[in-house]
Amino acid sequence: MAKAVHIQDIAEYVGQEVTLQGWLYNRTDKGKLQFLQVRDGTGFIQCVVFQKEVPEEVFAATARLTQESSLIVTGVVRQDSRAPGVPGGYELSVSDLKVVQIADEYPIQPKEHGVDFLLDNRHLWIRSRKQWAVLRVRATVIRAIRDWLDDHGFINMDTPILTPAACEGTTTLFATDYFGEPAYLSQSGQLYNEANIYAFGRVYCFGPTFRAEKSKTRRHLTEFWMVEPEIAFCDLDQLMEIEEQFVSYIVQTCLRERKHELALLERDTRMLEKVEPPFPRISYDEALEILARIREETEDEELRELLQIEWGDDFGSPHETELTKRFEKPVFVYGYPTRAKAFYMEPWPGRPEVCKSVDLLAPEGYGEITGGSERISDPDLLVERLKEWGLPRQAFEWYIDLRRYGSVPHSGFGLGVERTVAWICGIDHLREAISFPRTLKRVYP
RNA sequence: UCCUCGGUAGCUCAAUAGGUAGAGCGGCCGGCUGUUAACCGGUUGGUUGCAGGUUCGAGUCCUGCCCGAGGAGCCA
């Protein structure tokens with residue numbers, strides 16, 4: 001048998017006979033000539049079967065292939081600009097074909113389908129080109145995340161998924177039974193990472209997090225992946241520098257390594273190419289001024305209503321969308337009102353109503369992709385905050401301890417993987433940025 | 001939790017004013033040597049989300065329920 005190769009490497013084998021193992025994606029039967037679109041997980045390629053060039057039984061078997069039948073096909077690689085695929089421009093002149101299995105009638109056709117149907121068939125939908133491309137980009141995003149952090153002195157320190165208490169209220173936590181006691185699925189590894197930095201300096205955790213929010217929007221999943229770096233001896237400005245380098249590296253890596261997939265997704269990459277440090281930084285107060293100006297200038301009554309905001313409120317998605325429209329790059333918004341954010345955030349010097357927090361908003365309407373802050377390092381202030389937020393002190397004793405034994409200024413942030421993938425891919429719903437999405441109304445398949 | 005929209009063939013949809021449920025795609029049969037979601041001819045395919053009501057007659061009108069989607073709030 002000829003050498004078994006992957007479609008993604010096909011350009012290296014022009015003129016040679018190779019074997020591909022894969023599945024039939026689609027085909028066109030022209031009578032004595034058949035075009036097979038074959039995918040093997042690494043790409044898509046057109047295989048051309050001429051009646052005259054293959055044994056009779058091979059041609060007959062080819063004619064019986066149904067969509068998604070598994071097969072092993074051998075032929076000579078030819079360069080041909082007419083050939084579709086990923087990467088396009090190459091096709092296989094088939095000399096032999098072995099059927100592994102004739103697939104049953106496949107429910108997903110190469111045409112428009114409804115969301116409900118596709119999600120019910122998510123286990124099959126991931127084979128479709130667009131879904132395949134998005135999930136390949138996702139894998140690259142994840143690798144870029146790890147590479148950048150590992151190369152910049154961060155050590156991977158994963159944090160527990162089963163946790164005893166909330167860092168923000170329990171209404172958004174999934175409860176489980178832990179041998180008769182309640183335990184909750186983690187929403188964040190941050191508090192544990194604050195312990196980890198005192199052992200390792202710079203750390204990150206990376207894993208799934210769970211939010212039982214009743215959010216039914218394109219920007220929400222109940223299970224999503226988050227990377228959370230945490231850094232000792234780091235203030236808010238230094239945090240923003242780290243974030244902009246980190247996010248730029250992720251985007252540039254995808255542009256470099258996932259050209260074909262982004263092209264397949266018809267992603268206009270011009271905006272992504274601009275994603276390089278430094279990113280613009282505006283304060284919460286400046287953001288409010290910009291929003292006020294937009295409200296004055298707009299003719300759109302509905303928009304004016306949506307953009308209504310009082311000092312002290314957090315932004316909703318309409319605010320984020322309008323703000324980011326004014327910038328070509330991701331934009332940092334820092335210095336949020338203390339009461340709109342979590343209990344552990346360091347107050348702004350001289351302005352206790354403001355905290356040293358920062359969100360990074362992606363352009364093109366994609367909104368918040370990271371949220372972070374400098375953390376409170378003074379034990380007395382932390383205790384005071386726990387009291388103000390009505391949190392049980394005994395559950396946080398260990399966390400207060402961190403401020404008693406060598407406390408230092410420290411900061412960290414969380415980056416949502418699916419939001420980042422959705423932004424880079426230019427897709428409009430998070431559910432396509434993970435292989436098996438968990439949403440408010442769906443845990444199947 | 002609230003607001004909006006939707007549920008008809010395997011899929012995507014249509015069905016005038018309440019009057020015989022239809023088309024394309026897919027499947028199956030046949031034809032075609034350059035197709036790009038091919039094309040051409042034939043054929044197959046229905047508990048109209050569920051329950052009740054009005055009516056001579058309900059996919060269509062009324063009531064209740066179920067399911068899904070988009071958005072708000074909340075958040076990454």
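So, how was this worked out
Residues numbered from 1 in each chain as written. Chains lettered and ligands numbered in written order. Predicted model: local features only at pLDDT ≥ 70, side-chain atom pairs only at ≥ 80, totals over all residues. Heavy atoms only, no water. Pairing = 2+ DSSP bridges. Helix = DSSP H or I, 4+ residues; strand = E, 2+ residues; numbered from the N terminus. Buried < 20%, exposed > 50% of the residue type's maximum accessible area, 1.4 Å probe, protein only. Contact = heavy atoms within 4.5 Å. Axes fitted to C-alpha atoms, helices over the stretch in contact; angles between N-to-C directions. Parallel < 35°, antiparallel > 145°, perpendicular 65-115°, else oblique. Left-handed = near helix turned anticlockwise from the far one by under 90°. Nonpolar A, V, L, I, M, F, W, Y, C, P; charged D, E, K, R; others polar. Expected span 1.5 Å × (residues − 1). Arc of directions from axis to C-beta.

Draft legend 1. Expanded view of the sheet that holds strand S9 (residues 162–163). Taken in spatial order, the 3 strands line up as S9-S11-S10 in an open sheet, and their pairing is antiparallel. The two strands at the open ends of the sheet, each matched to only one other strand, are S9 and strand S10 (175–178). In terms of strand pairing, S10 meets strand S11 (residues 181–185) through 4 bridges, oriented antiparallel. Among the inter-strand pairings, tyrosine 178 is bridged to a residue of S11, identified as glutamate 181.

Draft legend 2. Broad picture of the environment of valine 227. Relative to the helices and strands, valine 227 is located in strand S13 (residues 223–232). Owing to a relative accessible area of 0%, valine 227 belongs among the buried residues under this scheme. When the C-alpha positions of valine 227 and phenylalanine 35 are compared, they lie 44 Å apart, and in sequence the two are 192 residues distant. In contact with valine 227, other than residues within four places in its own chain, are Ile145, Leu149, Tyr204, Cys205, Phe206, Phe246, Phe413, Gly414 and Leu415.

Draft legend 3. The packing of helix H4 (residues 129–151) against helix H6 (residues 236–257), seen in detail. In contact at an axis separation of 9 Å, H4 and H6 are set at 135 degrees when each is read in the N-to-C sense. With respect to H6, the element H4 is oriented oblique. Read as a crossing pair, H4 and H6 show a hand that is right-handed. Where H4 abuts H6, its residues Val137, Thr140, Val141, Arg143, Ala144, Ile145, Asp147, Trp148 and Leu149 lie against Ile242, Gln245, Phe246, Tyr249, Ile250, Thr253, Cys254 and Glu257. Across the contact of H4 with H6, the residue classes break down as 11 nonpolar, 3 polar and 3 charged.

Draft legend 4. Representation of helix H9 (residues 284–297) within the structure. Spanning 14 residues, H9 covers 20 Å between terminal C-alpha atoms, matching the ideal 20 Å at 1.5 Å per step. Along H9, the positions that sit buried rather than exposed are Tyr284, Ala287, Leu288, Ile290, Leu291 and Ile294. Down the axis of H9, the buried side of the element spans an arc of 160 degrees, and every buried residue falls inside it. More than 90 degrees from the buried face of H9, the exposed residues found are Glu296 and Glu297.

Spatial relationships are all this shows, so hold off on functional conclusions.
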